[in-house]
Amino acid sequence: MTTNEEILGRTDANDLEAILAITNDDMDSVIHAVKDNADAIFTWDYEKGARPALNKLYEKAKTSQWNGETDLPWETDVDQEQVVLANAANNSGLDEGMDLTGTPFEKWTEKEWIRLGIESQNWTLSQFMHGEQGALLCTAKIVETVPWIDAKYYASTQVMDEARHVEVFAKYLDTKLTGHYPINAHLRMLLDDIINDSRWDMTYLGMQIMVEGLALAAFGFMHMLTEEPLLKQLLRYVMSDEARHVAFGVLSLKEYYEGLSDAEMLERQEFAFEAAVRMRDRFLQQEVWERMGVDVRRMVHLQLTHETNKNDDPFQQLLFSKIVPNCKKLGLLDRNDFWLRKKFSEINVIQFEDWTDTGEEYELLDELAKDRAAAESA
Ligand SMILES: [Fe+2]
Ligand SMILES: [Fe+2]
């Protein structure tokens, strides 16, 4: 059986030094090249609708396109300090219920807390933007590598969706916020691993199930929290696309995984676990602590103990609330003697296994259709 050491490069998922040793040492370069190790696959079987669920998703995607330039209220003025104060009022922050004595926050005044809120927002939206570019590249790769015509058709619509997502997050950062962050080292490592893998289904598992499953949950959380009308609208539209993307992963892999051996399934289970840990690590937001002049080692330690002691942390909960039920639907939790179930228990996220999976949820999240219907009846 493969060990944590082999999967993660460390025995303990919470090993502080090993987490801090993963850094982005390539901050100044404009491009980053990754080997994608895969053959481009033609299929001569053009029968449209051979996979009805994917065909339905493709038809839905064609009518759900929106224009990032003209469908969002870009004229909205954004006062980031006000946004931070409003978010703080709506949400319990990191300090909630924590004893700050002896921590880097002990002497902080409102000024520092506001600055932390601003930096966190710049960081969060920057990471979303980089993740969206990861999705753009992964989905372009799926167009090439997936052997089914219905999946190639659908994936092509997702390429357009992801281009639009990169575009709107970049525009929001450039015109409404106050600074970019480079890609987080853990996120970059995960995206590189996904693109590196030669097997077409691993792109789906890494991107559509894990990264996009987490993004869907994180966007939902942010959408709920923010009262800033432009970001709220942007997130609603992005989420309605993302729900289709996660459904694409669930529907495609469901069929494929039914034919895999235990040994092949174990490789997928290990990859899902690795992705879950990398994504948790990225939310430690090391780069923000660095920019705030706070002791990064202290902070990461605090967060690791805070998170593992607080299974009811609402943000942590929501992040994995889509991933775990989708992994369950795909049969990933229990194969090979409950391997992934045990791992998800170790990182305290198994409690979401019976939440709604995303196979059908995209119909409920079609915000564009709702807006169009409302405009017609007005
Ligand atoms: Fe996206
Ligand atoms: Fe997506």
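Remember, it's a predicted structure, so these values are computed and weren't measured experimentally.

A. Inspection of the overall build of the chain at higher detail. In terms of helices and strands, the chain carries 16 helices and zero strands. For 378 residues, the compact-globule formula gives about 21 Å, and the C-alpha radius of gyration of the chain, at 21 Å, lands near that figure. When its C-alpha atoms are laid out on the principal axes, the chain stretches across 65 × 60 × 40 Å. Within the span of the chain, comprising 378 residues, buried residues form 55% of the whole. Considering only intrachain contacts with a sequence separation of at least 6, the fraction spanning at least 24 residues in the chain is 84%.

B. Broad picture of the pattern of salt bridges. What the rule picks out here adds up to 30 salt bridges. The closest approach of N and O atoms between R51 and E255, which form a salt bridge, is 2.9 Å. Here E255 lies in helix α9 (residues 229–257) and R51 lies in the loop between α2 (16–21) and α3 (52–63), a separation of 204 residues in the sequence. The class for R51 is partly exposed, based on a relative accessible area of 23%. Here E255 falls in the partly exposed class, since its relative accessible area comes to 36%. The closest approach of N and O atoms between R280 and D281, which form a salt bridge, is 2.9 Å.

C. Expanded view of the environment of Q158. Note that Q158 resides in helix α6 (residues 149–176). On a C-alpha basis, the gap between Q158 and I142 in space is 10.0 Å, while along the polypeptide they are 16 residues apart. Aside from chain neighbours lying at most four places away, what touches Q158 is T139, Q208, E212, H245 and F248. A polar contact of 3.1 Å, which involves the side chain of Q158, links it to the side chain of E212.

D. View of the coordination of the iron ion (ligand 1). Around the iron ion (ligand 1), the protein supplies E132 (OE), E162 (OE), H165 (ND1) and E242 (OE) as donor atoms, at distances of 1.9 to 2.2 Å. Coordination at the iron ion (ligand 1) comes from four donor atoms whose angles at the metal span 85 to 143°, giving a geometry best classed as irregular. We note that the donor set of the iron ion (ligand 1) lies within a single chain, spaced as E-x29-E-x2-H-x76-E.

E. Focus on the side chain of E367. Its location among the elements puts E367 in helix α16 (residues 367–377). Here R236 takes part through its side chain, which lies 2.8 Å from a polar atom of the side chain of E367. Not counting residues up to four positions away in its chain, the partners in contact with E367 are R236, Y237 and S240.

F. Inspection of a negative patch on the surface at higher detail. Among the surface-exposed residues, D77, D79, E81 and E110 lie close enough to one another that they form a single negatively charged patch. Take D77: it is sitting in the loop between α3 and α4 (80–90).

G. Fine view of the coordination of the iron ion (ligand 2). Looking at the metal site, the iron ion (ligand 2) is ligated by E162 (OE), E212 (OE), E242 (OE) and H245 (ND1), spaced 1.8 to 2.2 Å from it. One can describe the donor arrangement at the iron ion (ligand 2) as irregular, given that its four donor atoms subtend angles of 87 to 170° at the metal. As a motif over one chain, the donors of the iron ion (ligand 2) read E-x49-E-x29-E-x2-H. Separating the iron ion (ligand 2) from the iron ion (ligand 1) is a distance of 2.9 Å, and E162 supplies a donor atom to each of them. Of this pair, E162 sits in helix α6 while E212 sits in helix α8 (residues 200–225), placing them 50 residues apart in sequence. Taken as a pair, E162 and E212 share a single burial class, namely buried.

H. Looking closely at the packing of α9 against α16. Where α9 meets α16, the closest approach of the two axes is 8 Å, and the angle between their N-to-C directions is 120°. One way to sum up the angle between α9 and α16 is to call them oblique. Contacts between α9 and α16 involve Q233, R236, Y237 and S240 from the former and E367, L368 and D371 from the latter. Residue composition of the contact of α9 with α16, grouped by class: two nonpolar, two polar and three charged.

I. View of the side chain of H165. Within the fold, H165 resides in helix α6. For H165, a relative accessible area of 0% corresponds to the buried category. Side chain to side chain, H165 and E242 meet in a polar contact 3.0 Å long. Here H165 is in contact with W66, E132, V238, D241, E242 and H245, once residues within four sequence places are set aside.

Thresholds, definitions, all that
- Residues numbered from 1 in each chain as written.
- Chains lettered and ligands numbered in written order.
- Predicted model: local features only at pLDDT ≥ 70, side-chain atom pairs only at ≥ 80, totals over all residues.
- Heavy atoms only, no water.
- Helix = DSSP H or I, 4+ residues; strand = E, 2+ residues; numbered from the N terminus.
- Rg over C-alpha atoms; globule rule 2.2 N^0.38 Å.
- Buried < 20%, exposed > 50% of the residue type's maximum accessible area, 1.4 Å probe, protein only.
- Contact = heavy atoms within 4.5 Å.
- Salt bridge = Lys/Arg side-chain N within 4 Å of Asp/Glu carboxyl O.
- Polar contact = N/O pair within 3.5 Å; in protein donor to acceptor, adjacent residues only side chain to side chain.
- Donors = N, O, S within 2.8 Å, 3.2 Å for Na, K, Ca; no water.
- Tetrahedral: all angles 85-135°; square planar, octahedral: opposite > 155°, others 65-115°.
- Patch = residues over 30% accessible without salt bridge, like charges linked within 9 Å, V, L, I, M, F, W, Y side chains within 5 Å.
- Areas by Shrake-Rupley, 256 points an atom, 1.4 Å probe, with all protein chains shown as cover.
- Lys, Arg positive; Asp, Glu negative; His and termini not counted.
- Charge placed at Lys NZ, Arg CZ, Asp CG, Glu CD.
- Axes fitted to C-alpha atoms, helices over the stretch in contact; angles between N-to-C directions.
- Parallel < 35°, antiparallel > 145°, perpendicular 65-115°, else oblique.
- Nonpolar A, V, L, I, M, F, W, Y, C, P; charged D, E, K, R; others polar.

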